[in-house]
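What the coordinates show
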Amino acid sequence: MSTIMMNSQLSRRGFLASTGATVGGLMVSFHIPFANAQNGTTPEVNAWVVVKPDDTIVIRIARSEMGQGTLTGLAQLVAEELECNWAKVTTEYPTPGQNLARSRVWGNFATGGSRGIRESHDYVRRGGATARMMLVQAAADGWNVPASECSAANSVITHTPSGRSTSYGKVAATAAKLTPPASASIILKDPKTWKLAGKPLARLDTVKKTMGAQDYGIDLQLPGLLNAAIKDCPVFGGKLKRFNAAAVEGRPGVKKVVQVGDSAVAVVADTWWRAKSALDALPVEWDYGPNARISQADIQQTLKAGLDAKEAVVGNSNGNAPAAIASAARRIEAVYACPYQNHATMEPMNATARWTSERCEVWVPTQNGEAALAAAAEAAGLPPAKCEVYKLYLGGGFGRRGHSDFVTQAVRIAKTMPGTPIKMIWSREEDMQHGFYHPVTQCQLTAGLDTQGNITGLHMRISGQSILATVAPQSIKDGRDMLMFQGLNPSGPEASIGYSFPNLLIDHAMRNPHVPAGFWRGVNLNQNAIYLECFIDEIAHATKQDPLALRRKLMVNHPKHLAVLNAVAERAGWDKPAPKGAFRGLAQTMGFGSYVAACAEVSVSDDGQLKIHRIVAATDPGHAVNPQQIEAQVEGSFSYGLSAALFGEITIKDGAVEQKNFDSYPVVRIADMPKVETLVLPSGGFWGGVGEPTIAVAAPAVLNAIFAATGRRIRELPLKRHSLKRA
Amino acid sequence: MAKLNVNGKVREFEAEPDTPLLWVLREQLQLTGTKYGCGIAQCGACTVHIDSAPVRSCVRPLSSVGTTEKIVTIEGLSPDGSHPVQRAWAMLDVPQCGFCQSGMIMAATSLLRRKPNPTDADIDAAITNICRCGTYNRVRAAIRVAVDGSSGRRAHLSSQHTDGSAT
C-alpha cells in the first residue's frame, strides 16, 4: 500500500490522480488534517460500528452491494468479531466525502475484481474486534473490574466471577470515548470457531426487494427534482454538431435542452417520460467523425493480423515452444474468437446531481464511490471537499458501474440549472450503445505432439483489445497489459494456469479498436478459459484421450486446480455413463484468487436444439463467508457467462453499436437455465473471490459437451452463429 | 385529469394519453416498485396486474387503460410482504440485486392464479422475465415453495434467518 502525504491544501488534481489509481486496484491513502467528522446523534464506537441505546448495531460497509452479497458478508465478518446479536444488525454506507475527510478510515470503496471480501476481511474484522474490546472495557471500567474477567456474546457483556451483565447499548457512549486498543493486542478469531461468518445466513437486504420497497438510483425522489434524458453521439469519438431546441421546448413539462460535453444533448423536464419523448422528437445532427468508417469486418481483420504478428508481449513462457512445435511429429492448430459483450445491468445507467457554485452533490448507484466523487468534483469545477456522493443501491453492476461517465454527464446537466436536483436516466438504447464493453479478442492455439500423442509444446497467441488501454492508458507501455493473461500466468495467488507443458509460450498482440473497453464480470478469464479449455479438449479428442485423463496428466503440479476438477468429475459421475442422450464437457481455471471447475451435461436434438441439463460446479475460495450466497453467485455467474456464450454479441456498424435493446442482445431466461449443483470447497490458508471466477468455466464446459454430443467444434462465439443440426 | 384504479384506490393525475402506464405509475403516482428495464416489453421488469392478468406496463399507453380496470402493482400485493409468493421469495433469499424481482413476483403470482400447480414447462412459458444476476433457479424453487410449502433447497445449504428459523 502506498501512502501519499498531502498538505492541507489538497489539490483537486492530486485527488483525481490518486483515485484514478484505484481503477487498477491500488490502495492509496491520504493524510488530510481535517477534524474527525462525526455526524448523527449516536456517537460511533469506532468507524466500523455504531451501537444505539436499544442495542441496534449499525455496521459501516465501504464496498458497494450490487447483488453479489458483499454487504451481508462483510457485516457477518464484523459481527463475528463484535460478538453482537445478529438479529439487531443493520448497515449503512459512509460517503466518499466522509472517507476523504477522515483520512480514508474505511479504506478502498472500489468494488470489483471479486475483491470486496477478500481485500477487506482483515481490517473489517479488526474493526469489529476493536469495537468489542472497547465495549467490554467500558463495562469493566463501570464495574471497576479487569476487562480480562469479562466476556461478550450476543451484545451482552458479563463479568464472569460476579455474574453481573450489561448490554452493548448501555455502555456504547462510554466506549466511544475510550482510546482504541493497540493493534498488536487485537487477536482475531480462528475461522473454525466462527458462529456467524461461514454460516449460510439469510441476506440482510432481501425483504424490501420482495415488496418493491428497495429504492435504486432510478427511483430517487427529492423535493424539486427534475428529470433528464440524454443522447450521446452513437459513434464513439464523434461530436454533437447542432440541435434545434425550439422544436421541443414548447412540449408539456420540458424545461431546457442542453448540450452536454462536446458529444451529447439532454432534455430536462418535469417527468422522465416527457424528457425522453422530447429527446426522441428533437432534431439532432452529429459529426460522426472518422470512426464512422469502421465496421465489424474491419475489427475482425485487425485482430486477425495480430494472430501472426511478429511483435507480441509474453505473458507466460518456458522452454522454446516455437522450436518444439516446429519439430513436432504432429501439429494441432485452431483459431478462436470472442466478441464484444455489454454489461446490460437491469437498471440502466443513471445519476442525480445538484450543483451550486458552492457545493455539488451526486446521488448515484456506483461501484466506486471515490471515483464518482472525483468525477463529480472535476465536472463541477469544485474541490472534492465541496462535493459529496451519496451511494444508492445498484440494480446490477458487473463492472459497468465502476465507471463515472454518467456522473460527469449528470453534473454537467445540473450546472445549467443551479440549485435544482436533476435525475438523469439513460434509456435502454442509450445503455446498450454507450457501454464499456468486454473487449473483443481472437486466439490462435498451436500444439506440437510427439508420436505418442504427448504435448511437446503449446503456443497460445491472443490478439485483441486491452481494457487498460481504455481506462488507464497511461499504464500501457510497449503494448503491455498483463491483465490479458488472467488464468494463464505462470504462478501466483491471483490467476495462474493449472497446467504444465514442457514448452510453452503465451503471448498477446494488442489491437485496440475505437470501441471503449471495460471490466465485464470475469474480465479476461472468460475468453482465456474458453480458448484454453476448448483447445485442451481438442487435443484430447485428437489423441483419443479422455479429457479428464489428459488434464490430470497436465495438472500433476497444480494440486488446487486439480482438486476442484476432480470434485466436479466425481460428483458428475464422469466415470459412469451420462443419462441417455446427454453428453458431458469439462473445464477448469483459476482467477480472482479462486480455483474453479465445471462439468456440463447437454443434449442436442437432431434439429439442433441445445438443452443444457445440468452443470456441476466447484469453487475453492480459500474461505467461505456465506456458503448459500456463494451458491447463488455461482448460479448467477453461469447465467451471465452462458448468455454471452450462447447469444450475446455486440457488433459495430458504421462506427456505432448495432444492438439497441434486449431484442437484439438476447440473454438467458429461466427456460434456458440449467440445474446447477455447487460444491463449495474452501481449503483454507488464502482468501479468493466469489463474484466472478466461476463465470469462466460454464461456457467452455458447455462447448466441450456440445462437441461430445455433435462432433461440432464451436470456435467463434456466440453459439447462435452456428447450426447444431445433425448433418 | 386522468383517472386510474390502482391498488384499490381511484387516483387522479395529469398525463398525456400516450404516456405508458409504467411511467404514470412511477412518476405521476410515485409508485416506483414497478421498474423500467427496456421499454419494449422484452424484460418484464414493468409487470403489473390488470384485472388479474399480467401486463407489461411499459407498452400500455394510458389511453388504453379504462378507469374501471383494476390495476395492482407490487406495492398492492400485500401491505407487509406477507403474500405467499413474497414469503417464499424471502425464505429462499431469491433476490440478488433485486431490480427485476418486482416483475418476477408479479409474473409468478399471476401464473399461480391461473395454474395453481404449474409444471416446469408452465414456468418456462410464463416467466420470461430477464434477470441479469441469474436468480432463475431460486425463482423456480420459490414458486414450488409458494405452491406446496416444500423447500426446493438442498438440505446441506440453508438460509438462516434472524428469527432463528432455517430454510
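See above for the structure.
Residues numbered from 1 in each chain as written. Chains lettered and ligands numbered in written order. Predicted model: local features only at pLDDT ≥ 70, side-chain atom pairs only at ≥ 80, totals over all residues. Heavy atoms only, no water.

Turning to the overall build of chain B, a few remarks are in order. When its secondary structure is counted, chain B shows five helices and five strands. In chain B, the succession of helices and strands from N to C terminus is β-β-α-β-β-β-α-α-α-α. Residue pairs in contact within chain B that sit at least 24 positions apart in sequence constitute 54% of those at least 6 positions apart. Of the roughly 6,200 Å² of accessible surface on chain B, 50% is carried by carbon and sulfur atoms. (Helix = DSSP H or I, 4+ residues; strand = E, 2+ residues; numbered from the N terminus. Contact = heavy atoms within 4.5 Å. Areas by Shrake-Rupley, 256 points an atom, 1.4 Å probe, with all protein chains shown as cover.)

To continue, consider helix α16 (residues 559-572) of chain A. All names here are of chain A. The end-to-end C-alpha separation of α16 is 20 Å, in line with the 20 Å expected for 14 residues at 1.5 Å each. Turning to α16, its buried residues are H561, L562, V564, L565, A567, V568, A569 and A572. Against α15 (547-554), β24 (583-591), β25 (594-604), β26 (610-620) and β29 (675-680) lie the buried residues of α16. Note on α16: the residue one or two positions beyond its end, G573, has a positive phi of about 75°. (Expected span 1.5 Å × (residues − 1). Buried < 20%, exposed > 50% of the residue type's maximum accessible area, 1.4 Å probe, protein only.)

All names here are of chain A. Mapping Q68 onto the fold places it in the loop between β5 (57-60) and α2 (70-82). Side chain to side chain, Q68 and T70 meet in a polar contact 3.1 Å long. When residues no more than four places from it in sequence are discounted, the contact partners of Q68 are T111, R203 and Q633. (Polar contact = N/O pair within 3.5 Å; in protein donor to acceptor, adjacent residues only side chain to side chain.)

The subject of this paragraph is the environment of R721 of chain A. All names here are of chain A. Examined against the element boundaries, R721 turns out to sit in the segment after α18 (695-710). Each C-alpha atom, one on R721 and one on L646, is 8.9 Å from the other, the two residues being 75 residues apart in sequence. Look past the residues within four positions of R721 in its chain and what remains in contact with it is E649 and E716. Within the local environment of R721, its side chain forms a polar contact with the side chain of E716, the two groups lying 3.3 Å apart.

So, about the interface of chain A and chain B. Each side of the interface is counted separately: chain A has 66 residues, and chain B has 61 residues. At the surface where chain A touches chain B, the tally comes to four salt bridges. One can count 28 residue pairs in polar contact (both at pLDDT 80 or more) joining chain A with chain B. Elements with a contribution of two residues or more to the side of chain A that touches chain B: α7 (272-281), α12 (428-433), α17 (627-646) and β29 of chain A. No other element matches the 11 residues that α17 of chain A contributes to the side of chain A that touches chain B. Of the residues belonging to the side of chain A that touches chain B, the class tally is 32 nonpolar, 20 polar and 14 charged. (Salt bridge = Lys/Arg side-chain N within 4 Å of Asp/Glu carboxyl O. Nonpolar A, V, L, I, M, F, W, Y, C, P; charged D, E, K, R; others polar.)

We now examine the nonpolar core. Within the largest apolar cluster, 164 residues are counted, with the highest numbers of intra-cluster contacts made by F501, I615 and F638 of chain A together with W89 and I127 of chain B. A per-element tally of this core places α18 of chain A first, with 10 residues. Apart from the residues within four sequence positions on either side, F501 of chain A is in contact with N318, I455, L458, I536 and L554 of chain A. Judged by nonpolar contacts, the second largest core, of 45 residues, contains I61, L71, C150 and L201 of chain A. (Core = buried A, V, L, I, M, F, W, Y, C linked by side-chain atoms within 4.5 Å.)

Residues and elements named next belong to chain A. The set of residues buried in α15 consists of P547, L548, L550, R551 and L554. The arc that holds every buried residue of α15, seen down its axis, measures 160°, which confines them to one face. The inward-facing, buried residues of α15 abut β22 (455-464), α14 (525-542), α16, β24 and α18. N-capping of α15 is provided by D546, with a side-chain oxygen placed 2.7 Å from the backbone N of L548. (Arc of directions from axis to C-beta.)

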